[in-house]
Amino acid sequence: MTEISKNTMDQPINILIVDDRPENLAVLESILDDPGYRLVRAESAEKALLALVVEEFALLILDIRMPGMSGIELAQVIKERKKTATVPIIFLTAHSTGDQCVLEGYDAGGVDYLQKPVHPAILRSKVAIFAELHRKSREVVLANRALLAEVIERRRAEEQLRETVQELEAFSYSIAHDMRAPLRAMQGFSGILIAEHAAGLDDTGRGYLQLIVGAARRMDTLIVDILNYSRVLRSELKLQPVNVEDLIYEIAATYPDLHADRADITVASPLPRVLANEAALTQVVSNLLGNGVKFIAPGVRPRVSVRSEEDAGVVRLWFEDNGIGIPQHSQGRLFDIFTRLHLSEEYEGTGIGLAIVRKAVERMGGSVGVESEEGQGSRFWVQLQTAENS
Ligand code: ADP
């Protein structure tokens, strides 16, 4: 609880006592003399109304018989006003008269009555009950207020975070994009050096040149991957029916590493159409096929087979390879960005491909996963909605 709300909780409770006779008010004051109560006296119904305008009360103790506006009339006005309608009232009634009959017909919540002369213990206990009720509701109000303030503060922080993330994404996108131009110049000129001036260099010089070309190529791959990741994060992914089978054949035709002279890519036809964004799914499938033929033991011909399972409007696409496999303990972080389980010297890469796969699939409303054992090949799966009914 905050310091302010704690202070509010400690404050005495306001009680308005209304009676036209000062001696009766003095009696009430002496009975209810308690640091937990703050008594405000009013000697007429009109003065009571005035006090109710100025401040809030937890309870009213009201003499029924007063000259001018009676206690009953005053109570009616109080119950009609929105601000005061819920304030509980204890009426003080005269024993001999028909006051209780009047009150029995009185149709308003939070009302009680006591016969005069007031019995101090009974009055104290009735007031204590109403005071406790008031404290409890004050607690609830304060807790709700604190909760609301927290919710508002969290929303504001989330909004701020979202803006910062968006700014960072835009920033990294533009840096990556701008870095490609000088890199292209490096690649272009080192290509010219190799083509036209290699003869003028000794073996060491030519070796250095090859290192520059290799480093520039890796840098370019990294930038392209970052740009692709950024695109998957930022672009609007409209979903439509996509023929996965056609997509796989197109991708396999585009990448030399997937051509029949280097690898076997097989599809358990027919694959159902899925609801996806074609550009994003192209990224997903090419990364999974690319990894499937890349992470292979030396001398083994890469093989990736794609098959599907369909259940209740959902399609699971499996990409199974005969590669080096993935140890169980590393599988949990596999889809995190920049996770690489192998040295660059063994298998080139950036550690961004699977992060793109997960982000893209999640943004299309699906999920991803892997089953694998070291040395036993891997089975990656992507789950999306079927497009058959759309
Ligand atoms: P990259 O391929 O650029 O290294 P990825 O994000 O695509 O990055 O993959 C992350 C890591 O997961 C890889 O470095 C590799 O260690 C492991 N991995 C991914 N796919 C496979 C696979 N099919 N077989 C074995 N290991 C894989």
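On a predicted model such as this, the values are computed, not experimentally measured, just so you know.

Participant: How should I be thinking about the pattern of salt bridges in this particular structure?
Facilitator: Close approach of charged atoms lets side chains of opposite charge pair. The tally for this structure, following the rule as stated, stands at 21 salt bridges. Notably, a salt bridge pairs Asp203 with Arg206, separated by 2.6 Å at the nearest N-O pair. With a gap of 3 residues between them, Asp203 and Arg206 both fall in helix H7 (residues 203-234), about one helical turn apart. Here Glu371 makes a salt bridge to Arg379, at a shortest N to O gap of 3.7 Å. Overall, Arg379 belongs to the partly exposed group, its relative accessible area being 27%. Where salt bridges share partners, they join Asp19, Asp63 and Lys116 into one cluster.

Participant: What is the right way to look at the nonpolar core in this model?
Facilitator: Nonpolar side chains in soluble globular proteins tend to end up buried together. In terms of nonpolar packing, the biggest core is built from 44 residues, with Ile248, Leu281, Leu289, Phe319 and Phe380 touching the most fellow members. Examining the composition of this core, we find that 7 residues originate from one element, helix H9 (residues 278-294), more than from any other. When sequence neighbours within four positions are dropped, the list of residues in contact with Ile248 reads Ile265, Val267, Leu271, Val285, Leu289 and Val306.

Participant: What is the right way to look at the site of the ligand in this model?
Facilitator: What surrounds the ligand is a group of 19 residues, the closest being Asn291, Arg340, His342, Thr350 and Leu354. Lys294 places a polar side-chain atom, nitrogen or oxygen, 3.1 Å from an oxygen atom of the ligand. The contact in question runs from an oxygen atom of the ligand to an N or O atom on the backbone of Gly351, over 3.0 Å. For the ligand, whose unbound accessible area comes to 530 Å², protein coverage reaches 98%.

Participant: What is the right way to look at the packing of aromatic side chains in this model?
Facilitator: Within this structure, the stated rule accounts for 2 aromatic pairs. Judged by centre distance (5.2 Å) and plane angle (50°), the rings of Phe295 and Tyr347 are tilted. Taken as a pair, Phe295 in the loop between H9 and strand S9 (303-311) and Tyr347 in the loop between strand S10 (314-321) and helix H10 (353-363) lie far apart in primary sequence, 52 residues in all. Accessibility assignment for this pair places Phe295 and Tyr347 in one class, buried. With centroids separated by 6.1 Å and ring planes inclined at 75°, the aromatic side chains of Phe335 and Phe380 adopt a geometry described as edge-to-face. In this pair, Phe335 is assigned in the loop between S10 and H10 and Phe380 in strand S12 (residues 378-386), connecting sequence segments 45 residues apart. Relative accessible area serves as the criterion here: at 9%, Phe380 is assigned to the buried category. The lysine or arginine in question, Arg234, covers the ring of Tyr173, its NZ or CZ lying 5.0 Å from the ring centre.

Participant: Would you mind showing me how to read the sheet that holds strand S1 (residues 13-18) here?
Facilitator: The strands that make up a sheet are held in pairs by hydrogen bonds between backbone atoms, and each pair lies either parallel or antiparallel. Spatial strand order, S2-S1-S3-S4-S5: 5 strands in an open sheet with parallel pairing. The open sheet has two edge strands with one neighbour each: strand S2 (37-42) and strand S5 (111-115). Direction aside, the axes of adjacent strands within the sheet are offset by 20° on average. With 6 bridges joining them, S1 and S2 adopt parallel strand pairing. The residue bridging Ile13 from the neighbouring strand is Tyr37, located in S2. Sitting on the sheet, helix H3 (residues 45-54) is in contact with S1, S2 and strand S3 (59-63), with an inclination near 160° to S1.

Participant: Just checking my understanding: could you explain H3 for this structure?
Facilitator: Since the α-helix advances by 3.6 residues per turn, residues separated by three or four positions end up pointing in the same direction. Regarding H3, the residues found buried are Ala45, Ala48, Leu49, Ala51 and Leu52. Projected down its long axis, H3 carries its buried residues within an arc of 160°, all on one side. Counted as exposed and oriented over 90 degrees from the buried face of H3: Leu50, Val53 and Val54. In this structure, the buried residues of H3 make contact with S1, S2, S3 and helix H4 (71-80).

Participant: Help me understand a nonpolar patch on the surface, please; the structure alone is not making it clear to me.
Facilitator: There is a patch of nonpolar side chains on the surface, built from Leu168, Phe171, Ile175, Met179 and Met219 and spanning about 440 Å² of accessible area. A per-element tally of the nonpolar patch places helix H6 (residues 120-197) first, with 4 residues. Among the structural elements, Met219 can be located in helix H7.

Participant: What's the story with unusual backbone geometry in this structure? I'm lost.
Facilitator: Generally, phi is negative for residues other than glycine and the peptide bonds are trans, each holding for most cases. Of note, the bond from Lys116 into Pro117 is cis; its omega dihedral lies within 30 degrees of zero at -5°. The peptide bond linking Ser269 to Pro270 adopts the cis configuration, its omega dihedral lying at -5°. By the secondary structure assignment, Pro270 is in the loop between strand S7 (264-267) and strand S8 (274-276). One non-glycine residue, Ala312, adopts positive backbone phi at about 45°. Along the chain, Ala312 falls in the loop between S9 and S10. A positive phi angle, close to 70°, is found at Phe338, a residue other than glycine. As for its position among the elements, Phe338 is in the loop between S10 and H10. Under the relative-accessibility criterion, Phe338 is labelled exposed at 52%.

Participant: Looking at this structure, how should I read the environment of Ile61?
Facilitator: Within the element layout of this structure, Ile61 appears in strand S3. Spatially, the C-alpha atom of Ile61 lies 5.9 Å from that of Phe91, the residues being 30 residues apart in sequence. Sequence-distant contacts of Ile61, that is, excluding residues within four places in its chain, are made with Ile15, Leu16, Ile17, Val18, Leu28, Leu32, Ile90, Leu92, Leu123 and Val127.

Participant: What's the story with the environment of Ala51 in this structure? I'm lost.
Facilitator: Relative to the helices and strands, Ala51 is located in helix H3. Taking the C-alpha atoms as reference points, Ala51 and Asp33, 18 residues apart in sequence, are found 20 Å from one another. When near neighbours in sequence (up to four residues on either side) are disregarded, Ala51 contacts Leu16 and Phe57.

So, how was this worked out
Residues numbered from 1 in each chain as written. Predicted model: local features only at pLDDT ≥ 70, side-chain atom pairs only at ≥ 80, totals over all residues. Heavy atoms only, no water. Salt bridge = Lys/Arg side-chain N within 4 Å of Asp/Glu carboxyl O. Helix = DSSP H or I, 4+ residues; strand = E, 2+ residues; numbered from the N terminus. Buried < 20%, exposed > 50% of the residue type's maximum accessible area, 1.4 Å probe, protein only. Core = buried A, V, L, I, M, F, W, Y, C linked by side-chain atoms within 4.5 Å. Contact = heavy atoms within 4.5 Å. Near = heavy atom within 4 Å. Polar contact = N/O pair within 3.5 Å; in protein donor to acceptor, adjacent residues only side chain to side chain. Areas by Shrake-Rupley, 256 points an atom, 1.4 Å probe, with all protein chains shown as cover. Phe/Tyr/Trp six-rings, centres within 6.5 Å; stacked < 30°, edge-to-face > 60°. Lys NZ or Arg CZ within 6 Å of the ring centre and 35° of its normal. Pairing = 2+ DSSP bridges. Axes fitted to C-alpha atoms, helices over the stretch in contact; angles between N-to-C directions. Arc of directions from axis to C-beta. Patch = residues over 30% accessible without salt bridge, like charges linked within 9 Å, V, L, I, M, F, W, Y side chains within 5 Å.

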